[in-house]
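Per-entry structural report
The primary structure of each chain is shown beneath.
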Amino acid sequence: PRPPEERVEHYAASNGRRPRHRGLFIGINYVGTNAELRGCVNDVRTLQSLVANLGFPMDDVRTLAEERDGLVGWAGLPNRRDIEAHLDWLVADALP
């Protein structure tokens with residue numbers, strides 16, 4: 001198989017468009033349950049900052065989290081229906 005860089009160039013040449021980069025962040029602290037966690041939403045904030053600083057285009061980022069403050073692309077609460085829908089969005093038009 002071709003290395004990833006060659007696959008991207010082949011894809012762009014074959015259909016005249018470059019592949020899109022997408023990101024999906026999910027932060028669930030399970031607040032108010034017996035399984036409550038701490039820091040998961042803060043981890044999302046930290047990772048978003050990291051990937052933005054590395055030059056990842058943040059215009060195609062979606063975030064499902066129990067909080068929205070300071071999060072890029074907040075799209076709602078993390079429930080099964082929305083997680084599955086956003087996973088479908090994430091891989092739509094993915095390269096083989």
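Placed above this text is the structure.
Residues numbered from 1 in each chain as written. Predicted model: local features only at pLDDT ≥ 70, side-chain atom pairs only at ≥ 80, totals over all residues. Heavy atoms only, no water.

1. Some thoughts on the sheet that holds strand β1 (residues 23–27)
- One open sheet holds the three strands; their spatial order is β1-β2-β3, and the pairing between them is parallel. The outermost strands of the open sheet, each flanked by one partner alone, are β1 and β3 (74–76). Strand-to-strand twist in this sheet, taken as the mean axis angle between neighbours without regard to direction, amounts to 30 degrees.
- Strand direction decides the pairing type here: strand β2 (residues 61–65) and β3, joined by two bridges, are parallel. Of the residues in β3, the one forming a bridge with T63 is W74.
- Docked against the sheet, helix α2 (residues 40–53) engages β1 and β2, running at close to 155 degrees with respect to β1. (Pairing = 2+ DSSP bridges. Helix = DSSP H or I, 4+ residues; strand = E, 2+ residues; numbered from the N terminus. Axes fitted to C-alpha atoms, helices over the stretch in contact; angles between N-to-C directions. Contact = heavy atoms within 4.5 Å.)

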